[in-house]
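Given next are the chains, with one letter for each unit.
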Amino acid sequence: MLLAVLAVASLFIGVSDVSPVSVLTGGSDGTAAFLLGATRIPRTVALVLAGASLGIAGLIMQMLVRNKFVEPSTTGVTEFATLGMLVTTVFLPGLAVVGKTAVAAVFGLLGTWVFLRVVRAVPVRQLVLVPLVGIVLGGVVGAVTTFVAYRLDLLQSLGQWAQGSFAGVVQGRYELVWIAGVMVVVAWLAADRFSVIGLGEEFATNLGLDHRRWVAVGMVVVAVITAAVLVTAGLVPFLGLVVPNVVSLLIGDNVRRAIPWVAALGAVFVVACDVLARVLRFPYEIPLSVVVGIVGAVLFLWLLLRRGSRAH
């Protein structure tokens, strides 16, 4: 119900006069109905799909690593995907958007693999140190990306990818987010396998599950979701970390049971932050990543510092 209310509010918030009355009455040129179909509906749909899919990506990442404090933006996956976007800009500037998404997904898949290898190689005794390893890895890759972008005068493009915003989402420029929605369905179909994966490799093998195969499936799901959202709107931090943890506090760690709640709460979180981004400095708009980063950081600190936290 909250998601429906926020989605309807998102449709009618903006500088242009788009309201239920103006849409129904039409007018001489039908501008309100045109704007609703060309910009407002695509933006709201993209917000819902991005929020739901990023939440699922965080949930799967936490199952693969068996750590509640990781997500694509704290494991270097987003930095690798951004590096992939930079590579396509330099070497394949005329590549179609679908091709850019594919390249970014391949780099994101590589980042997921590298992070899993590093975590296995480095003895980590405390849960909170695992995301720190991922942040260091992402910092190294981000530094390389920034240096290359600086040398090639592409810092402006890099800043655009790093600053997540749905302001430029219009009809014809958001359809790739449906790929992330497909990955949500894949995650739901494989939910029981991911639950078993979260119990450890030996436990999964004893139950007859091909651990490597389903880890690879999870890596592909995370990489494709990250790449699709990155190409469409840029980076959205903390979402995949905070939402699965909140759902875990409410209903537990069963992936099949948690996926609908994670998807719905992720969509609510992103749409609510986008509405705030549009109304706080109306008629100007704050980048969505700024609002999500502030709210997500506060929630993350609460998850870390509360009594009974896994960090303690």
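See above for the structure.
This is a predicted model, so every value here is computed, not measured.

Cut-offs and rules
- Residues numbered from 1 in each chain as written.
- Predicted model: local features only at pLDDT ≥ 70, side-chain atom pairs only at ≥ 80, totals over all residues.
- Heavy atoms only, no water.
- Helix = DSSP H or I, 4+ residues; strand = E, 2+ residues; numbered from the N terminus.
- Rg over C-alpha atoms; globule rule 2.2 N^0.38 Å.
- Contact = heavy atoms within 4.5 Å.
- Axes fitted to C-alpha atoms, helices over the stretch in contact; angles between N-to-C directions.
- Left-handed = near helix turned anticlockwise from the far one by under 90°.
- Nonpolar A, V, L, I, M, F, W, Y, C, P; charged D, E, K, R; others polar.
- Patch = residues over 30% accessible without salt bridge, like charges linked within 9 Å, V, L, I, M, F, W, Y side chains within 5 Å.
- Areas by Shrake-Rupley, 256 points an atom, 1.4 Å probe, with all protein chains shown as cover.
- Salt bridge = Lys/Arg side-chain N within 4 Å of Asp/Glu carboxyl O.
- Buried < 20%, exposed > 50% of the residue type's maximum accessible area, 1.4 Å probe, protein only.
- Core = buried A, V, L, I, M, F, W, Y, C linked by side-chain atoms within 4.5 Å.
- Expected span 1.5 Å × (residues − 1).
- Polar contact = N/O pair within 3.5 Å; in protein donor to acceptor, adjacent residues only side chain to side chain.

All right, on to the overall build of the protein then. Helices and strands together make up the secondary structure of the protein, namely 14 helices and 0 strands. The secondary structure elements of the protein, listed N-terminal to C-terminal, are α-α-α-α-α-α-α-α-α-α-α-α-α-α. Taking 20 Å as the expected radius of gyration for a compact globule of 312 residues, we find that the protein reaches 20 Å, a close match to that expectation. The C-alpha extent of the protein, read off along each of the three principal axes, is 70 × 50 × 35 Å. Across the protein, the fraction of contacts at a sequence separation of at least 24, relative to all contacts at a separation of at least 6, is 76%.

What follows covers the packing of helix α1 (residues 2–11) against helix α3 (residues 31–65). One way to put it is that α1 packs onto α3 with a least axis distance of 9 Å and a crossing angle of 145°. In this structure, the crossing between α1 and α3 has a hand that is right-handed. Contacts between α1 and α3 pair Leu3, Ala7, Ser10 and Leu11 from the former with Leu36, Arg40, Ile41, Thr44, Leu47 and Val48 from the latter. A breakdown of the residues in the contact of α1 with α3 according to their chemical character gives 7 nonpolar, 2 polar and 1 charged.

Tracing the sequence through the fold places leucine 154 in the loop between α6 (129–151) and α7 (155–162). When sequence neighbours within four positions are dropped, the list of residues in contact with leucine 154 reads Leu86, Thr89, Val90 and Ala149.

Here we come to a nonpolar patch on the surface. Taken together, Val90, Phe91, Leu92 and Leu152 make up a surface patch of nonpolar side chains, about 390 Å² in accessible area. Secondary-structure assignment places valine 90 in helix α4 (residues 77–91). Judged by its relative accessible area of 33%, valine 90 is partly exposed.

This brings us to the nonpolar core. Of all hydrophobic cores here, the largest spans 84 residues; its most connected members are Ile56, Ile60, Val65, Phe115 and Phe166. If you tally residues by element for this core, the top one is α3, at 14 residues. In contact with phenylalanine 115, not counting residues within four places along its chain, are Met61, Val65, Val70, Thr75, Val130, Gly134 and Leu137. The next biggest cluster of nonpolar side chains, apart from the first, holds 5 residues, and it includes Phe69, Leu241, Phe300 and Leu304.

This paragraph deals with helix α13 (residues 255–279). Here α13 spans 35 Å end to end across 25 residues, near enough to the 36 Å set by a 1.5 Å rise per residue. For α13, the N-terminal cap is asparagine 254; the gap from its side-chain oxygen to the backbone nitrogen of arginine 256 is 3.1 Å.

Right, let's talk about the pattern of salt bridges for a bit. Tallied over the entire structure, the rule returns 5 salt bridges. We note a salt bridge from aspartate 192 to arginine 256, for which the minimum N-O separation is 3.1 Å. Here aspartate 192, found in helix α9 (residues 191–197), pairs with arginine 256, found in helix α13; they are 64 residues apart in sequence, far enough to count as distant. Here aspartate 192 falls in the partly exposed class, since its relative accessible area comes to 38%. By relative accessible area, arginine 256 is classed as partly exposed at 26%. Here aspartate 210 ties to arginine 213 by a salt bridge, and the two come within 3.7 Å at their closest N and O atoms. With relative accessibility at 36%, the residue aspartate 210 sits in the partly exposed group. Through salt bridges with shared partners, a single ionic network connects Arg43, Asp274, Arg278 and Glu285.

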